[in-house]
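Remarks on the overall topology
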Amino acid sequence: MTMKALLQRLACRFACKGERSFVAVMLGTLVIACAAFAGDVFAQRRTGHIARAVALIERGELVQAEAELRAALAERRDEAEAFNLLGVIRARQGRTREAEGFFRRAIELAPDAIGARINLGQLYMESHDWDRALLAFSEAARLASDNEEVDRNLAAIYAQRGDFSQAIAHLRKIPAANRTAPDLYLLVKSYLELADKDEALELARASLDRLPSDDAANLATLFAARGLLDDAISLLEAAQRRDPRSFAVHYNLATAYYQKKDLARAEEHYMAALAIKP
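Note that the structure is predicted; figures quoted are calculated from it, not measured.

Time to look at the packing of helix α13 (residues 213-224) against helix α14 (residues 229-242). It is the contact of α13 with α14, at a shortest axis distance of 7 Å, that shows an interaxial angle of 170°. By the angle between their axes, α13 is roughly antiparallel relative to α14. For the pair formed by α13 and α14, the contact residues are Ala216, Ala217, Ala220, Phe223 and Ala224 on the first element and Leu229, Asp231, Ala232, Leu235, Leu236 and Ala239 on the second. Partitioned by chemical class, the residues of the contact of α13 with α14 number 10 nonpolar, no polar and one charged.

What follows is the structure in structure tokens.
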């Protein structure tokens, strides 16, 4: 089998075995967070209809959840969390304009609560309305300057706008022990975008021990995409020593060696990847 044929075969394995790009995984986290975070700032007041609605939303029973929230509003018309959770329901149903209205009503009723502001910001992020997302999260940051989810989303927005210095500033506010794999990916990417390869490489190396091998491979691809193949290979080989059975590590090692025209090593890793996912 020729090297080109091997590459095509492995590319099919990578696409057909349920692998996803790291960027897609990262965006998926933000969308999920919109529902998961909703109402958390009101947790101490979850009783009766509101508590039942939260449980129903978590199970995906949106019609029943809405009935509970309508009942809550019948008892108390200014219940901010009920409007916030109605916004979550509408967002899950794809009815974004109505979701926006509910989140805004919740903010009117509880200006100092950040849950609805975060949900509103994430709603705007889903529609790629970065300016309004930035405004919503900036207001949330004003109310809670040490909230990790706020900093995480502000970093993503600033990176989308090409302001990588601000992205780094917000990600650096998150304690190192609390940084997720998407946080580290965006932080390394931001340093590389600012041509600070040394900081990016130091951070990537320091992160390897706490990342699954597939996530480590994703960090390495950031270097490979910029032609920094030796750095990418160094990271991938470190990941391989920790997990010799990672398809993503072998696949990316093979690709990096192929780009360096080291065909013998490329073939070695292509064959190892195929042995893992025939």
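What follows picks up the thread again.
With that settled, the discussion passes to unusual backbone geometry. Negative phi is the rule for most residues except glycine; trans is the rule for most peptide bonds. Phi is positive for histidine 128, which is not a glycine, with a value near 60°. Exposure remark for histidine 128: the relative accessible area of 55% places this residue in the exposed category. In this model, lysine 261 sits at a positive phi of 65°, which is unusual for a non-glycine residue. Along the polypeptide, lysine 261 turns up in the loop between α15 (247-259) and α16 (263-276). Given the relative accessible area of 70%, lysine 261 is considered exposed.

Turning our eyes to something else, we now look at the nonpolar core. Counting 83 residues, the largest nonpolar core has Leu69, Val188 and Phe223 as its most contacted members. In contact with valine 188, other than residues within four places in its own chain, are Ala200, Leu203, Ala204, Leu219, Leu222 and Phe223.

With 14 residues, α16 should reach 20 Å at 1.5 Å per residue; the first-to-last C-alpha distance of 20 Å fits that figure. Looking only at α16, the buried set comprises Ala266, His269, Tyr270, Ala273, Leu274 and Ile276. The buried residues of α16 occupy an angular sector of 155° when the element is viewed end-on, so they sit on one face. Facing away from the buried side of α16, by more than 90 degrees, are the exposed residues Ala264, Glu268 and Ala275.

This brings us to helix α9 (residues 148-160). Spanning 13 residues, α9 covers 18 Å between terminal C-alpha atoms, matching the ideal 18 Å at 1.5 Å per step. Counted residue by residue, α9 has 10 buried out of 13 residues, so it is predominantly covered. Listing the buried residues of α9 in full gives Val150, Asp151, Arg152, Asn153, Leu154, Ala155, Ala156, Ile157, Tyr158 and Ala159. Capping the start of α9, asparagine 147 holds a side-chain oxygen 3.0 Å from the backbone nitrogen of glutamate 149, two or three residues further along. Positive backbone phi, at 85°, marks glycine 162, one or two positions downstream of α9.

Basis of the calculations
- Residues numbered from 1 in each chain as written.
- Predicted model: local features only at pLDDT ≥ 70, side-chain atom pairs only at ≥ 80, totals over all residues.
- Heavy atoms only, no water.
- Axes fitted to C-alpha atoms, helices over the stretch in contact; angles between N-to-C directions.
- Helix = DSSP H or I, 4+ residues; strand = E, 2+ residues; numbered from the N terminus.
- Parallel < 35°, antiparallel > 145°, perpendicular 65-115°, else oblique.
- Contact = heavy atoms within 4.5 Å.
- Nonpolar A, V, L, I, M, F, W, Y, C, P; charged D, E, K, R; others polar.
- Buried < 20%, exposed > 50% of the residue type's maximum accessible area, 1.4 Å probe, protein only.
- Core = buried A, V, L, I, M, F, W, Y, C linked by side-chain atoms within 4.5 Å.
- Expected span 1.5 Å × (residues − 1).
- Arc of directions from axis to C-beta.
- Polar contact = N/O pair within 3.5 Å; in protein donor to acceptor, adjacent residues only side chain to side chain.

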